[in-house]
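# Structural characterization, general
Chain residues, written in single-letter form:
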Amino acid sequence: MRSSWRLEKGSQHLLKLWIQAGLKASALMYLGSRGLPVLTALKYLVFSPQMLTYILSFLPLSDQKEASLVSRAWYCAAQNALRETNVRYNIPVSSASLSAIKSLGLRGISCISLTNLDGSPASHQPGLTSLDLSGCSELTDGALLAVSRGLQHLRHLSLRKLQRLTDAGCTALGALHELQSLDMAECCLVSGRELAQVLGSVRRAPPALTSLRLAYCSSLKDASVLSMIPALGPSLKVLDLSSCVALTNQTVQAICTYLIHLSVLRLAWCKELQDWGLLGLKEPSEEPGLSSQLHQEVENQAPDPQEPKPDPQGPSLLMLQTLQELDLTACCKLTDASLAKVLQFPQLRQLSLSLLPALTDTGLVAVARGCPSLERLALSHCSHLSDEGWAQAARFWPRLQHLNLSSCSQLTEQTLDTIGQACKQLRVLDVAMCPGINMAAVRHFQAQLPQVTCIQSRFVGGADLTLTL
């Protein structure tokens, strides 16, 4: 028995090295020669459920049944291997592997992720509902056309980082009538013209598109988005337009008019957005003195939670009352004039206002009153925020769990004390590069809130960053 255990222990070390090195084929050949006893020794290693399922799928049926007796995790993995449920197949595809992909389709596998394609897409698998082609940089418009012809029951399609995909390829999406989720982030040649025509011309039967990600599509313009948005309708819940730098206030106002059921809206790095766009007003050139008037109103009267919300004068951000996540990172033209009035979302859980140079304590307090359910908040590089602002705002955020205040140059240990008293559910805090906060204050804060599991405190206290260059 002792010699047998030494063999199993050596086996598991060898297998672990193989698997960590990505040599799964070597590991599986070894398993086939040694049998189930060696496999049982693997119970002392920690594998993901997907890895366990992958390993067990190479065993004979009788051995899979025996493996299910090792532990509960092994039982679940064995059941997945037997039924082929909850299994994502990640396949490095070449022309030679198309037969294997076809076999998976015939077996009813519904989720396949393909990598390293050489131009031969997996098509004609009518049962496939989820396809991830992210990063397959050699794919062109023809591949998307083949997908649309052979996989008409797709519900989830990721085309992320397909840098050779153009507007012409988007016409093929019209054949995917059951599509619910579409990710075309970082498709830099897609301007949205054909996508807008496809969405506008096709009368989709339920289920309709619920998630659309077009982040980093730098060619995307207002005209295309304005044509696309009305066709998306009330079913859309997630819209990501991050780093679509050419978009302006017209896009925001269209979103606020037609997509009022959104739960996630990401507009990070849309640098052309301005206060009047979020407020639903006309351009300042048509209303002289608008900017100074708005700032004066904010200075005189911050929103009070006891008072009724102001009626929007147009399609303002206030229309999106079901929002749970909003990202306005680096929308550098936004100021307190709009943020204090439109950020009033009782259901909002996640908010990013990082890199907004004009955000002050006045806006911070107004946002705190209007968004009391926040769990994640990012305010990095907001250099005008001070201890006084946090002294008023923190009490409105008892649910905060993740808070990013990095590079907020005016904050001191007083803010840490305020947060420690008001935000008892905090788990993660980032105060890196805050010159007014020292390590002693950070250690005191962590002692005050032991449940905080992560504090980023790099270069606090005005450390000389040139030493790291």
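Residues numbered from 1 in each chain as written. Predicted model: local features only at pLDDT ≥ 70, side-chain atom pairs only at ≥ 80, totals over all residues. Heavy atoms only, no water.

### What to know about the overall build of the chain
Regarding its fold elements, the chain presents 19 helices and 14 strands. Sequence-distant contacts, at least 24 apart, represent 72% of the contacts inside the chain between residues at least 6 apart. Just so you have it, the chain exposes about 21900 Å², and 53% of that area is on carbon and sulfur atoms. (Helix = DSSP H or I, 4+ residues; strand = E, 2+ residues; numbered from the N terminus. Contact = heavy atoms within 4.5 Å. Areas by Shrake-Rupley, 256 points an atom, 1.4 Å probe, with all protein chains shown as cover.)

### Regarding the side chain of S316
Note that S316 resides in the loop between α14 (290–300) and β9 (325–327). Every residue in contact with S316, bar those within four places of it in the chain, is listed here: C256, L278, L279 and G280.

### Focus on helix α11 (residues 222–232)
Of the positions making up α11, those classed as buried are D222, S224, V225, M228, I229 and L232. The buried residues of α11 occupy an angular sector of 145 degrees when projected down its axis, which confines them to one face. (Buried < 20%, exposed > 50% of the residue type's maximum accessible area, 1.4 Å probe, protein only. Arc of directions from axis to C-beta.)

### Quick word on the nonpolar core
Counting residues in each nonpolar core, the largest one holds 106 residues, and the members touching the most others are M184, L343 and W390. Once residues within four sequence positions are removed from consideration, L343 is found in contact with L317, L326, L351, L353, A366, V367, G370 and C371. Listed in part, the 7 residues of the second largest apolar core include L59, A67, W74 and A77. (Core = buried A, V, L, I, M, F, W, Y, C linked by side-chain atoms within 4.5 Å.)

### As for unusual backbone geometry
Not every positive phi belongs to a glycine, and E186 is a case in point at roughly 65 degrees. A positive phi angle, close to 60 degrees, is found at L355, a residue other than glycine. Topologically, L355 is positioned in the loop between β10 (350–352) and α16 (361–370).

### Structural notes on the packing of helix α18 (residues 413–422) against helix α19 (residues 439–448)
The contact between α18 and α19 brings their axes to 10 Å, and the two run at 5 degrees. When the axes of α18 and α19 are compared, the pair comes out roughly parallel. Between α18 and α19, the residues in contact are E413, L416, D417, I419, G420 and Q421 and A441, V442, H444, F445 and Q448, respectively. Residue composition of the contact of α18 with α19, grouped by class: 5 nonpolar, 4 polar and 2 charged. (Axes fitted to C-alpha atoms, helices over the stretch in contact; angles between N-to-C directions. Parallel < 35°, antiparallel > 145°, perpendicular 65-115°, else oblique. Nonpolar A, V, L, I, M, F, W, Y, C, P; charged D, E, K, R; others polar.)

### Some points on the pattern of salt bridges
Under the defined criterion, the tally for this structure stands at 8 salt bridges. A salt bridge links D167 to R193; its shortest N-O distance comes to 3.4 Å. Linking D167 in helix α9 (residues 167–170) with R193 in helix α10 (residues 193–201), this pair joins segments that are 26 residues apart in sequence. On the basis of relative accessibility, which here comes to 51%, the residue R193 falls in the exposed class. The salt bridge involving R349 is made with E375; its shortest N-O contact spans 3.8 Å. With a gap of 26 residues between them, R349 in the loop between α15 (336–342) and β10 and E375 in the loop between α16 and β11 (376–378) connect regions that are remote in the sequence. What makes R349 partly exposed here is its relative accessible area of 29%. What makes E375 partly exposed here is its relative accessible area of 27%. (Salt bridge = Lys/Arg side-chain N within 4 Å of Asp/Glu carboxyl O.)

### Details of the packing of α11 against helix α12 (residues 249–258)
Packing of α11 against α12 leaves a shortest axis separation of 9 Å and a crossing angle of 0 degrees. Considering the angle they form, α11 stands roughly parallel to α12. In this structure, α11 contributes D222, V225, L226, I229 and P230 to the contact, and α12 contributes Q250, T251, A254, I255 and Y258. Partitioned by chemical class, the residues of the contact of α11 with α12 number 7 nonpolar, 2 polar and 1 charged.

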